[in-house]
Amino acid sequence: MGSELRVPFDRTRNHPAALTTSKFGISKMELLKACVSREWLLMKRNSFVYIFKIVQLIILGTIAMTVFLRTEMHRNSVEDGVIYMGAMFLGLVTHLFNAFAELAMSIAKLPIFYKQRDLLFYPSWAYGLPTWLLKIPISFLECAVWICMTYYVIGFDPNIERFFRHYLLLVLISQMASGLFRVLAALGRDMVVADTFGSFAQLVLLVLGGFLIARDNIKAWWIWGYWCSPLMYAQNAIAVNEFLGHSWRMVVDPTDSNDTLGVQVLKSRGIFVDPNWYWIGVGALLGYIMLFNVLFIVFLDLLDPLGKGQNVVSEEELMEKHVNRTGENVELLLLGNDSENSPSNANAGGGEITGADTRERGMALPFTPLSITFDNIRYSVDMPQEMKDKGITEDRLVLLKGVSGAFRPGVLTALMGVSGAGKTTLMDVLAGRKTGGYIEGDINISGYPKNQETFARIAGYCEQNDIHSPHVTVYESLVYSAWLRLSPDVDSEARQMFVEQVMELVELTSLRGALVGLPGVNGLSTEQRKRLTIAVELVANPSIIFMDEPTSGLDARAAAIVMRAVRNTVDTGRTVVCTIHQPSIDIFEAFDELFLMKRGGEEIYVGPLGHNSCHLIDYFEGIQGVKKIKDGYNPATWMLEVTTLAQEDALGLNFAEVYMNSDLYRRNKALISELSTPPPGSTDLYFSKQYAQSFFTQCVACLWKQHKSYWRNPSYTATRIFFTTVIALIFGTIFLNLGQKVGKRQDLFNSLGSMYAAVIFIGIQNGQCVQPIVDVERTVFYREKAAGMYSALPYAFAQVFIEIPHVFLQTIIYGLIVYSLIGLDWAFMKFFWYMFFMFFTFLYFTFYGMMAVAMTPNSDIAAIVATAFYAVWNIFAGFLVPRSRIPIWWRWYSWACPVAWTLYGLVASQYGDIADVRLEDGEQVNAFIHRFFGFRHDYVGFMAVGVVGFTVLFAFVFAFSIKVLNFQRR
């Protein structure tokens, strides 16, 4: 046999299908076809984005063509040419920004791409080519919509050849921008990183594109950036195409060289006057399109996905993993518990879940044990339109059909049923968490009718989703909850001791310093988050606790740890109710009583479980026809199997009616009647105010948490400061020492360009970056507000106020760098006004971003809404077209545009009082500022009031929206 095995196998005798001969399963052409087909399908399913972009273009096109209307656009001077340049620049910038959506869409698809690439589904080029090629028709369509609306209405040169040349340039700039943002997505691979890259790319493209600062004024060390900017080639080509046309061939205000008006305009803005520059621009843009799309494919091929953050692992978990791996006999001790309650023994010893002896140990703060009874609870909602369309005539859909029961102190009750039985609905109704619908029936707390405002003070609700602020520690989360929910009579020392006891009770002491993190991304594991959710409610010292599926999504070990924490909570004498879905035998046996519901919202068993679920089993086996439980079978699974609608049909009975006719039902009714009568000598729950703490304390606590969150979130705070510093250095070195040069009109345009670019770029970056932060915190706010921790205004105050020092630091860094490098006048008032306007501008952009989130369901929609307004603000800011040249029917909006107030204040404060310097034609600087822009120095104070007003307005609307609008539907 050995000699036979030494002879190599003759591969020519192989079956053709036995060995692979190529890296991929199908031919290159088939690979490409498959990827094209998939990309086309994705585009069809994501058609909302493309439709929305076209609608946005139609709206912006309508505004552009009515602002730059041909009846208001003249060809009498170089200044008129500058307005036409602004209209062309707007078209280029609109298509540049319109491609920004490519960044987010590309990043969203990357995880799937990396997985399929590594499994050799297809090569990178087969994925990258369809992404590029299928977007080309989209660019043609978008640019056709824009140019058909604007070209002739604005009054560009009417020659049809120049119309199509203009159209070709817009298509090329759209394709170039799409390619650029795809490259940045493949390079960044993370939304925050790619967003920052994208903003830098847009900044360099725009500032060095030849419009904000003329070519002649760009410093020698930045001129490479000018020649590298694709926007420069587009700007030169589109300007040459227009201003060398027939409409601009008249000679106005003759110069020595007898140039036509079009050539004078080109020279005044530093544009090349050679007509060949149109084709140079087209060639350069085609080159950039090829370069960016090739780089996209190269980066897809070479780069791997970024690493993920890891969950926090406690010392006990590490020790247990060590034991499992090595087999060493290491005793695992969880704080506050004996070794027999450790996770290892919870698994190895049959998973027994027993609580620590909490009653003997006692709690630092006393509480009043309370029962909750509910009788004949009916809950209904308006009939959905879909069901009405199917012929259902009723106005309401009933979800709970007269359920009754009682939950008592020291008793752990399981609320169970198949999906759609109404478990969570009943819990939400009892806890007062429903935001709509119609509730009928009686709910009593220890005999007195339930009042929701007081009930929130003595009840806790552990939501299934485990919603917490991600950038605070476990200990800080508990301190914060205790601070706001415990009575003001409890001093800080007692509060601290109570928090420590609760941490010990739910076994979180070893994790006290761990950051909570985002679910599934970083921070605590799912099981640790569940225990934190329980602890956050426990530190409020409630008498009644509701828990919605505390073990969902957990493995057996993690579920055992969470249930032990629940059991410990019950053993302190509290009333605890849990909804639970398909528990294991061990977890099911941890409960004392069961409230079982059937689909349709009716109860079919309400009573004790007994040892090894004996009472439950006896009840159902006593019903004729129900099959007996097998030895060792899970009673919870058996119970759900024998009570299905199919079983009811087979047995010819209704389990709800069987229960209603049973002795158990009558005993429960008697218990409800007994507990619905107030005990002798007792008094109803009463609190003098709705919230435990005063309005001032709520504000301080919310601000404390926001400070901790911001301090530990460098991806937001540090990135913003870094971004601002780099932009300040770029602006400062590009516009170096141009601040004092006011001898020519172009010098003033350069200075205004620097101010406009800074306001638009840093402002929009502030507005974009803050939205995901506020969106995450708003979800936490919904939970905390429902728990009665605070009202909406303290939260809004903290969210607004915490931004102020961060924005102030940002302003100081930007202002000092830029002001000194650009060389603006160091007169005290001029410097003060510059810093003042920059500070409030950055602030109102930030508050505007927050306001957009508060008024919309999520940060994605907020970003779309905010971006639409940024584009409109860009038109009316006073740079592309001065206020004095805006048609009278749009001039009102220039006063409603906050950026216009900022630019007015910045320019008027810096240059509006310069009367001793004259421009090249002898006009005084302040006279030109007033005539061309409409800016007056004596109105600077009014502008200051205006920007403060916008800041206050956006902050107020944010607070009002947070208070009034609730996008969480239950």
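If you check an unreviewed UniProt entry, the chain appears there as ABC transporter domain-containing protein from Aegilops tauschii subsp. strangulata. One UniProt comment on the chain, placed under Sequence similarities (unreviewed entry), says "Belongs to the ABC transporter superfamily. ABCG family. PDR (TC 3.A.1.205) subfamily." Regarding the chain, the relevant UniProt record gives this comment under Function (unreviewed entry): "May be a general defense protein."

### Description of the sheet that holds strand 1 (residues 372-382)
What the four strands build is an open sheet, ordered 2-1-4-5; its pairing is antiparallel. Each edge of the open sheet is held by one strand with a lone partner, namely strand 2 (396-407) and strand 5 (448-449). Bridge count between strand 1 and strand 4 (residues 438-445): seven bridges; the pairing is antiparallel. Looking at strand 4, one finds that Tyr 379 is bridged to Ile 439. Packed onto the sheet, helix 29 (residues 663-675) meets strand 1 and strand 2 and runs at close to 75° relative to strand 2.

### So, the pattern of salt bridges
Side-chain pairs of opposite charge can arise whenever the charged atoms involved come near each other. Inspection of every chain in the model, using the stated rule, returns 38 salt bridges. Measuring nitrogen to oxygen at the nearest pair gives 3.3 Å for the salt bridge that ties Arg 165 to Glu 161. Residue Arg 165 and its partner Glu 161 are both found in helix 8 (residues 160-188); the two are separated by four residues, about one turn of the helix. Ionic contacts of the salt-bridge type, sharing partners, join the residues Arg 485, Glu 537, Lys 705, Glu 777, Arg 783 and Glu 784 into one network.

### What to know about the UniProt feature "domain: ABC transporter" (unreviewed entry) in the chain
Look at the UniProt record and you will see "domain: ABC transporter" (unreviewed entry) annotated at residues 372-624. Helix and strand shares over residues 372-624 are 35% and 26% respectively, and the end C-alpha atoms of the span are 33 Å apart.

### A word on helix 3 (residues 47-67)
Between its first and last C-alpha, helix 3 extends 30 Å over 21 residues, near the 30 Å set by a 1.5 Å rise per residue. Every buried residue belonging to helix 3 is among Tyr 50, Lys 53, Gln 56, Leu 57, Leu 60, Gly 61, Ile 63, Ala 64, Met 65 and Val 67, and all of these are buried. Buried residues in helix 3 make contact with helix 2 (28-45), helix 4 (78-98), helix 5 (101-118), helix 7 (136-154) and helix 36 (859-876).

### Describing the domain arrangement of the chain
As far as domains go, the chain holds domain 1 (28-191 + 208-216 + 230-302), domain 2 (372-448 + 575-676) and domain 3 (695-964). Between the C-alpha centres of domain 1 and domain 3 the distance comes to 28 Å. On the side of domain 3, 30 residues touch domain 1, which itself brings 25 residues to the contact. Here domain 1 packs against domain 3, burying approximately 2500 Å² in sum over the two surfaces, 72% of which is carbon and sulfur. Sorting the residues of domain 1 by area buried against domain 3 places Val 67, Glu 79 and Leu 212 first, and these three jointly supply 25% of that buried surface. Our enumeration of links across domain 1 and domain 3 arrives at three salt bridges. The tally of links between domain 1 and domain 3 comes to six residue pairs in polar contact (both at pLDDT 80 or more). Elements supplying a minimum of two residues to the side of domain 1 that touches domain 3: helix 3 and helix 4. In the side of domain 1 that touches domain 3, the residues fall into 17 nonpolar, four polar and four charged.

### A closer look at unusual backbone geometry
Across the chain, the bulk of peptide bonds are trans and the bulk of non-glycine residues have phi less than zero. Unlike most non-glycine residues, Asn 541 shows phi in positive territory, near 55°. Secondary-structure assignment places Asn 541 in the loop between helix 22 (526-538) and strand 7 (544-548). Positive phi is not limited to glycine here, since Glu 549 has a value of about 45°. Position of Glu 549 among the secondary structure elements: in the loop between strand 7 and helix 23 (556-570). Taking relative accessible area as the criterion, Glu 549 reaches 14% and is therefore assigned buried.

### Observations regarding the confidence of the model for the chain
Summarising the model, the chain shows a mean pLDDT of 85, and 92% of its residues fall at 70 or more. The least confident element of the chain is helix 15 (residues 343-348), whose mean pLDDT is 38; the most confident is helix 13 (residues 277-302), at 95. In the predicted structure, residues 329-351 sits below a pLDDT of 50 and forms 49 contacts with residues beyond four places in sequence or in another chain.

### A look at the pairing of strand 4
Consecutive residues of a regular strand have side chains that alternate between opposite faces of the sheet. Pairing of strand 4 with strand 5, which is carried by two bridges, proceeds in the antiparallel orientation. Pairing of Asn 444 across the sheet is with Pro 449, part of strand 5. What sits between the antiparallel neighbours strand 4 and strand 5 is a turn of two residues, in which Ser 446 has the positive phi angle 50°.

### Some thoughts on the side chain of Gln 771
Tracing the sequence through the fold places Gln 771 in helix 32 (residues 745-786). In contact with Gln 771, not counting residues within four places along its chain, are Gly 849, Ala 852, Val 853, Ser 859, Ala 862, Ala 863 and Ala 866.

### Comments concerning the side chain of Asn 713
Relative to the assigned elements, Asn 713 resides in the loop between helix 30 (695-711) and helix 31 (714-734). Every residue in contact with Asn 713, bar those within four places of it in the chain, is listed here: His 471 and Ile 773.

### A short note on the sheet that holds strand 9 (residues 593-598)
Within a sheet, neighbouring strands are paired by backbone hydrogen bonds and run either parallel or antiparallel to one another. Reading across the sheet, the six strands line up as 6-7-8-3-9-10 and stay open at both edges, with mixed pairing between neighbours. Sheet topology places strand 6 (459-462) and strand 10 (602-608) at the edges, where each strand pairs with a single neighbour. Here the average twist between neighbouring strands, direction ignored, is 15°. Across the face of the sheet, helix 25 (residues 614-621) comes into contact with strand 9 and strand 10 while running at roughly 135° to strand 10.

### Points about the packing of helix 4 against helix 8
One way to put it is that helix 4 packs onto helix 8 with a least axis distance of 8 Å and a crossing angle of 35°. Here the hand of the crossing between helix 4 and helix 8 comes out right-handed. Contacts between helix 4 and helix 8 involve Met 88, Gly 91, Leu 92, His 95 and Leu 96 from the former and His 166, Leu 170, Ile 173, Ser 174, Met 176, Ala 177 and Phe 181 from the latter. Looking at side-chain class alone, the contact of helix 4 with helix 8 contains eight nonpolar, four polar and no charged residues.

### Regarding the packing of helix 22 against helix 23
Interaxial distance between helix 22 and helix 23 falls to 9 Å at its minimum, and their mutual angle equals 10°. Judged on the interaxial angle alone, helix 23 and helix 22 are roughly parallel. Note on element contacts: helix 23 touches helix 22 through Arg 557, Ala 558, Ile 561, Val 562, Ala 565, Val 566 and Thr 569, opposite Glu 527, Lys 530, Arg 531, Ile 534 and Leu 538.

Cut-off values and rules
Residues numbered from 1 in each chain as written. Predicted model: local features only at pLDDT ≥ 70, side-chain atom pairs only at ≥ 80, totals over all residues. Heavy atoms only, no water. UniProt positions renumbered as here; feature names shortened; annotations may be inferred. Pairing = 2+ DSSP bridges. Helix = DSSP H or I, 4+ residues; strand = E, 2+ residues; numbered from the N terminus. Contact = heavy atoms within 4.5 Å. Axes fitted to C-alpha atoms, helices over the stretch in contact; angles between N-to-C directions. Salt bridge = Lys/Arg side-chain N within 4 Å of Asp/Glu carboxyl O. Expected span 1.5 Å × (residues − 1). Buried < 20%, exposed > 50% of the residue type's maximum accessible area, 1.4 Å probe, protein only. Domains from an automatic or database assignment. Buried area = accessible area lost by both parts, 1.4 Å probe. Polar contact = N/O pair within 3.5 Å; in protein donor to acceptor, adjacent residues only side chain to side chain. Nonpolar A, V, L, I, M, F, W, Y, C, P; charged D, E, K, R; others polar. pLDDT = per-residue confidence, 0-100. Left-handed = near helix turned anticlockwise from the far one by under 90°. Parallel < 35°, antiparallel > 145°, perpendicular 65-115°, else oblique.

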